[in-house]
Amino acid sequence: MDDSLIPLRAPRFARYEHTLGRGYADAVEGSSLILGDALGVLSAMPAQSVQTVVTSPPYWSLRDYGIDGQVGLEESVYDFIDHLAQLFDQVWRVLRDDGTLWLNIGDSYTSGGRTWRAPDRKNVARAMSLRPATPDGLKPKDLIGVPWRLAFALQERGWYLRSDIIWEKPNAQPESVRDRPTRSHEFVFFFSKREKGYKYDVDAVRGPNGRRLRTVWPIKTQAFREASGHFATFPPTLVEPCVTIASEPGDLVLDPFVGSGTTPLVAGSLGRRFIGIELNPEYLTMATRRLTKAGFVDITPDDSGEAGSDAAL
Ligand SMILES: C[S@@+](CC[C@H](N)C(=O)[O-])C[C@H]1O[C@@H](n2cnc3c(N)ncnc32)[C@H](O)[C@@H]1O
């Protein structure tokens, strides 16, 4: 029989509710979505269990996801960077030594003296009532440089910054500014834990004309219907090269800020196991729906079930 005719086994996953102090030995054996605070859940995960991490933390002071404990609402950008740096110390711990981290993070501007942001009818998560004061050392209307500040903080803590990738958005939204260019890109930083010998299959992904992967990736942002309440979803085509190049089928891929579940969707479709962590129960439900709609099988144990080490959602 031709190999290509063998149907792929539908990816199976379970959902868990984080209970501090409980470990996730079962969760890392299979594929899971975990409801909880990323830092707390990561701290309970076994060391060296993950092959690659693809993630996009909330941007600083840009969106209110409407839940206590969320990252991104720290009063100062320096506290925000510090919070994320501590979280990525835990990512370092759970990542195998030959593992890698692909980190997308957006930038923002200081407020230019405004303290209130007008509600945005198209994007209610942007209707934040307060914008923080201009950070020390910056001026009104400065671009803060959040991605690079975070990249340098991670470098200082031991990560190897191997590449900056520019995610160019050909369909970027117009901005109402008249004194600078409209922003149409974000960064994806590629980190390893060591200088060499990390998993990176240079031939696994080819660009136009069969060329090796370049550092500017033109990828349109995409809205999908199920995520109508979620406003910063990854396009699957942004996640695909990261997972393909840095892991093999059967490897474990982690997204500690999983949102609507794009990283698991791509990872599972490529035959990888996955763990997604999300603080907001509504988004975790959205991710679950999205995965089951795509044919993934939800095997969440019920309260009496033996399969999980924590209570099921
Ligand atoms: C930029 S979005 C990620 C979107 C995701 N890449 C996707 O494709 O849908 C960031 C997510 O982090 C979640 N979040 C915020 N604080 C968190 C925390 N402390 N622990 C876990 N998740 C958190 C937010 O609820 C939001 O869904």
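Reference entry: report on the structure contained in this document. From a predicted model like this one, the values you see are computed outputs, not experimental measurements.

**A look at the sheet that holds strand β9 (residues 273-278)**
Pairing between the strands of a sheet is mediated by backbone hydrogen bonds and can be parallel or antiparallel.
So, step 1. Pairing is mixed across the open sheet formed by 10 strands, whose spatial order is β7-β5-β6-β4-β3-β8-β9-β2-β1-β10. Of all the strands in the sheet, the pair left with one neighbour each is β7 (216-218) and β10 (297-298).
So, step 2. In this structure, strand β1 (residues 12-17) lies alongside β10, joined through two bridges in parallel fashion. Looking at β10, one finds that F13 is bridged to D298.
So, step 3. Sitting on the sheet, helix α6 (residues 262-269) is in contact with β2 (32-35), β3 (50-55), β8 (252-255) and β9, with an inclination near 175° to β9.
So, step 4. Together, β1, β2, β9 and β10 form the strand contacts of helix α7 (residues 281-293), whose direction differs from that of β2 by roughly 165°.

**Details of the site of the ligand**
So, step 1. For the ligand, the set of nearby residues contains 21 residues, the closest of which are A38, F257, G259, S260 and T262.
So, step 2. Partitioned by chemical class, the residues of the shell around the ligand number 10 nonpolar, nine polar and two charged.

**Section: the packing of helix α5 (residues 236-246) against α6**
So, step 1. Where α5 meets α6, the axes come as close as 9 Å, and the angle between the chain directions of the two elements is 50°. Considering the angle they form, α5 stands oblique to α6. As for how α5 packs across α6, the hand of that crossing is right-handed. In contact with P236, V239, E240 and V243 of α5, α6 contributes T262, T263, L265, V266 and A267.

**A look at unusual backbone geometry**
So, step 1. Unlike most non-glycine residues, Q48 shows phi in positive territory, near 55°.
So, step 2. Examined against the element boundaries, Q48 turns out to sit in the loop between α2 (38-44) and β3.
So, step 3. Despite not being glycine, N209 shows a phi value in the positive range, around 60°.
So, step 4. Looking at the secondary structure, you find N209 in the loop between β6 (185-192) and β7.
So, step 5. The exposure class of N209 is exposed, given the 5 C-beta atoms found within 10 Å.

**A few points about the pairing of β6**
So, step 1. In this structure, strand β4 (residues 95-105) lies alongside β6, joined through six bridges in antiparallel fashion. Bridged to W102 within β6 is F190.
So, step 2. Relative to β6, strand β5 (residues 160-168) is paired through eight bridges, and the arrangement is antiparallel. Pairing of I165 across the sheet is with V188, part of β6.

Reading guide: rules and limits
Residues numbered from 1 in each chain as written. Predicted model: local features only at pLDDT ≥ 70, side-chain atom pairs only at ≥ 80, totals over all residues. Pairing = 2+ DSSP bridges. Helix = DSSP H or I, 4+ residues; strand = E, 2+ residues; numbered from the N terminus. Contact = placed C-beta atoms within 7 Å. Axes fitted to C-alpha atoms, helices over the stretch in contact; angles between N-to-C directions. Near = placed C-beta within 6 Å. Nonpolar A, V, L, I, M, F, W, Y, C, P; charged D, E, K, R; others polar. Parallel < 35°, antiparallel > 145°, perpendicular 65-115°, else oblique. Left-handed = near helix turned anticlockwise from the far one by under 90°. Buried ≥ 20, exposed ≤ 12 C-beta atoms within 10 Å, placed from the backbone.

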